[in-house]
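Observations on the model geometry
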Amino acid sequence: MARTTKNSAARGAVTGFLTKWASIIALIAIFGFFALKMPQLFLTSSNMITILRSISVTTIIAIGLTVTLAVGGFDLSSGSMATMSGALVISFFVWYQMNMWLAIPLAITATMALTLITMFLIVKCKIPDLLATLAMMFMLDGLSLTYSGGGAVSEGMPRFDGTPTIGKIPRMFKDMGQAPAIIIIMIVIVIIIHIFLTYTKYGRYIYAVGGNKEAARLSGIPVNRYRIFAGMLSAVFIGLGGVLVASRNMSAQIQGAAGYAMPAISAVFIGRSVAGADKPNAFGTFIGASLVGILENGLIMMSVPYYSLNAVKGVVLAIALASTYYSSKSEG
Amino acid sequence: MSENMCTLEMKDISIEFPGVKALNNVNFTMRSGEIRAVVGANGAGKSTLMKVLAGANETYTGDIFIDSQHYELRTPRAAKDLGIELVYQEVDTALFPYLTVGENIMFNSIVTGMKGRAMIRWRKINKSARDILRQLNMDIDVTRKMSSLTLAQKQMVLIARAVREQCRFLILDEPTAPLSLGEVAELFRIVKELASKKNVGIIFISHRLPELFQICQSLTVMKDGQVVANRTVDSSLTVQDIVNLMLGRSFEENFPKIPAPIGDVVIEAEHLMDGEGKVRDVSFSIRSGEIVGVCGLVGAGKTELCKLLFGANRMGAGTVRYKGKPISVHSPTSAVRQKIALVPEERRKEGVLVSEPVYFNLSAACLGKFANRFSFIVRSLEIANAKKLVGDLGIKTPSVYQRVKYLSGGNQQKVAVGKWLTSDSDIYMLDEPTKGVDVGAKRDIFQLIQSLAKQGKAVLYASSEINEILAITDRLYVMYNGEFVTELETHKTTEEEILYYATGGRK
């Protein structure tokens, strides 16, 4: 009896260490593999910046999802939501000649307003998050296409009724999506949300609600208010993510940000266990996004065709989910 | 097979859970065609014994014989094959809401009797199901969806399914608790017919003692995991006799109650109702320094009453006054603001955040106290408070950073109480605070409650453990079926009197 306890305790310590650091070990292993395999190509400072730049949008959207998942929710619609935000911001420039300081906040506000519909479906109509955001995803895809007239929006393109457009996309807007700026934006956001979730009252309440809604409610925490609040906060980052995608493309493409939804979800789940946090957290999400980004970068360099990458990313998501649910079950 | 007379014998059945002997050398005998009641206080081991019989508790030691032949009942399948069926109190767990009544009754033959056929023969299934219902005189349309049935009808479907399975022994676990009087009469009629016409042995578990006299021929009383008496139910047996057999002497008797000075009325409630009939026209008051018990059996409405006062359930009607002023408690958030605290019954589900550390839980109810004006949490304050509470309450934990799920039940409960101590509430409601807690922790919790009273708080102590109510309260209300049936002074009453009212006795 005593012996089995001891053995299982030792085994527990080992698996405990592994679950705590598995994501980071995997990150280093993947990095090391590519560095050894292609030192000239992969291990250059310009490629490091490319990686950081390419993970920026994923990380920012994933930070939004981190907040959603921390409060116990889920979001499938982040890609479609970001696409909408991108379409809006470009149309504000091209169709309405707005300046940046108006266009970007307006696009983000619109994203928050749309997220309010999501929250209405989840909190008031009591639809499970997964299904409500599935419906929203469907709705938003149609909505953003309708808004843009069924096509992309870019500079100099006439509107769908034939009116010519004279609006320009500002130079500074382009810079926003380029190397130093976008990386700085990402890092600042990761730090702010890390501090917010870890050190403030609101972050604490969000985790309490995410951990157990009923216990949180019976502790006097206004559960639904925090769920909506978390949704709004998440919308800010998803909206910003969409704006940055538009900035990188200098146009609003059909389904322009759709491809970010799944990697962002993967990032949150990979990061969940980092350093033993055992819950969605900003730093872990950054690690998760880096892991996905490095994998993508390295595989492209090894001439894996881009259309096969989703298969790899899907496997990564499956592994991250398996580690989350397997460990939580065995503790149960 | 079911026509033959047969006897069931359980010999020296024991079950040990970590630290507790749930069953201690229990002997239980009955024959088919008999209706036997099994009674006992909460935790006496009734359900555990029945689970053994139904094959749902594989870890038992001892022997089970049917007609002197030895059987191992280690799986539910083994029990079913012998014709032993258990109808659980939660009927929904055993039914399929999307299927029809007929399919539910015939479910086993649909699963196992298909023999390579792919199509369901609706006409045949419905006919067989209808035949069974007719034999039992049950009036339910077999083509209805299960989900549209009332609770009483669902029970009948389960009984019908059991009968269809060539049942020889049928265990009914508190079947009457959720039923109305008319539905109870109908259930009794069916049970009696099953016993007399189909020769089924019925084991009937109930907390409502008076009704046992209408239906049972014999009675087994359990207490602390043992059988203390087997009786024939006849005119010489009274409810009082059964109550005396069920009760025992224990730790609570020796707990030194120190009365606190009693002040003005802190909280007063008049004609409280919830929308669902679980709380019906309840009025009471609690003074400062007073510990008031609400005693009733499981399902009497204590939990619903606490949640109602805490704003967690919707108030149907009634007024609540705090120090004379009417207040409206429409959500737990507003309850906390109005200095009401609740330690809920379901500790792990509602009382604590199990995957969060101790300090996180201890500050969850009043985090504002540890935040600066920019809403940043001042970690040093929070940790200092947590350490103080851990010391004061004697919470056994390696550190305040330990996750609550790794603590024992008693220590989890101390955390659930402790989180309200910093909030400076005036009214503390505790719903079954000693459930699943060992004696040492129970004493600590009792002392904690006394110290709350000494500080002038008003305490409401809801429990089905009469011993505890007698040990800790100043005054008590007995709750039965959603109503307060009587108010008693603790030092002037007895266990017998409380149990009399709690089991449906009237003045």
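Quick look at the overall build of chain A
Each helix and strand counted, chain A has 14 helices and 2 strands in total. For a compact globule of 332 residues, the expected C-alpha radius of gyration is about 20 Å, and chain A comes in at 21 Å, within 12% of that figure. Dimensions of chain A, computed from C-alpha atoms along their principal axes, come out at roughly 80 × 55 × 30 Å. Counting only contacts in chain A whose residues sit at least 6 apart along the sequence, the fraction spanning at least 24 positions is 76%.

Here's the deal with the interface of chain B and chain A
Tallying the contact residues gives 23 residues for chain B and 18 residues for chain A. Only α11 (332–337) and α12 (347–351) of chain B provide two or more residues apiece to the side of chain B that touches chain A. With 4 residues, the single largest contributor to the side of chain B that touches chain A is α11(B). Class assignment for the residues of the side of chain B that touches chain A results in 14 nonpolar, 5 polar and 4 charged.

Let's talk about the sheet that holds strand β3 (residues 35–40) of chain B
Two pairing modes exist for strands in a sheet, parallel and antiparallel, and in both the strands are linked by backbone hydrogen bonds. Residue and element names in this part refer to chain B. Taken in spatial order, the 6 strands make up an open sheet running β6-β7-β8-β3-β9-β10, and their pairing is mixed. Two strands in the sheet have a free side with no partner beyond their single neighbour: β6 (84–87) and β10 (226–232). Here the average twist between neighbouring strands, direction ignored, is 20°. Helix-sheet contacts for helix α1 (residues 46–53) involve β3, β6, β7 (169–173), β8 (201–205) and β9 (218–223), and the interaxial angle to β7 is about 150°. Across the sheet, helix α6 (residues 151–164) lies against β6 and β7, angled at about 175° from β6, the strand it touches most.

With respect to the sheet that holds strand β15 (residues 325–327) of chain B
Residue and element names in this part refer to chain B. Read from one edge to the other, the open sheet built from 4 strands follows the order β12-β11-β14-β15, with strand pairing classed as antiparallel. With one partner strand each, in any of the chains shown, β12 (282–287) and β15 form the two edges of the open sheet. Adjacent strand axes in the sheet meet at a mean angle of 20°, parallel and antiparallel pairs treated alike. Of the strand pairs in this sheet, strand β14 (residues 315–322) and β15 are connected by 3 bridges, and their pairing is antiparallel. In the strand pairing of β15, Val-320 is matched with Ile-327. Contacting β11 (265–274), β12 and β14, helix α10 (residues 302–309) crosses the sheet at an angle of about 115° to β11.

Comments concerning the environment of B:Asn313
Residues and elements named next belong to chain B. Positionally, Asn-313 belongs in the loop between α10 and β14. On the basis of neighbour count, Asn-313 is assigned to the partly exposed category, with 18 C-beta atoms found within 10 Å. Residues Asn-313 and Asp-274, 39 residues apart in the sequence, show an inter-C-alpha distance of 7.7 Å. The contact partners of Asn-313, leaving out residues within four places of it in the chain, are Asp-274, Glu-304, Lys-307 and Leu-308.

Considerations on the pairing of β14(B)
Bridge count for β11(B) against β14(B) is 6 bridges, and the pairing is antiparallel. Note that in β14(B) the partner of B:Asp274 across the bridge is B:Met315.

Side note on the domain arrangement of chain B
All names here are of chain B. Assigned domains of chain B: these are domain 1 (7–246), domain 2 (251–339 + 425–435 + 456–507) and domain 3 (351–424). With centres defined by C-alpha atoms, the gap from domain 1 to domain 2 works out at 34 Å. At the junction of the two partners, domain 1 supplies 10 residues and domain 2 supplies 11 residues. At the level of secondary structure, the elements contributing two or more residues to the side of domain 1 that touches domain 2 comprise α8 (209–215) and α9 (239–246). With 4 residues, the top contributor of residues to the side of domain 1 that touches domain 2 is α9.

Focus: helix α13 (residues 282–301) of chain A
All names here are of chain A. Helix length check: α13 (20 residues) gives 29 Å between terminal C-alpha atoms against 28 Å at 1.5 Å per residue, within 8%. Where burial is concerned, most of α13 is hidden: 15 out of the 20 residues are buried. Downstream of α13 by a residue or two, Ser-303 has a phi angle that is positive, lying close to 60°.

Definitions and limits used
Residues numbered from 1 in each chain as written. Chains lettered and ligands numbered in written order. Predicted model: local features only at pLDDT ≥ 70, side-chain atom pairs only at ≥ 80, totals over all residues. Helix = DSSP H or I, 4+ residues; strand = E, 2+ residues; numbered from the N terminus. Rg over C-alpha atoms; globule rule 2.2 N^0.38 Å. Contact = placed C-beta atoms within 7 Å. Nonpolar A, V, L, I, M, F, W, Y, C, P; charged D, E, K, R; others polar. Pairing = 2+ DSSP bridges. Axes fitted to C-alpha atoms, helices over the stretch in contact; angles between N-to-C directions. Buried ≥ 20, exposed ≤ 12 C-beta atoms within 10 Å, placed from the backbone. Domains from an automatic or database assignment. Expected span 1.5 Å × (residues − 1).

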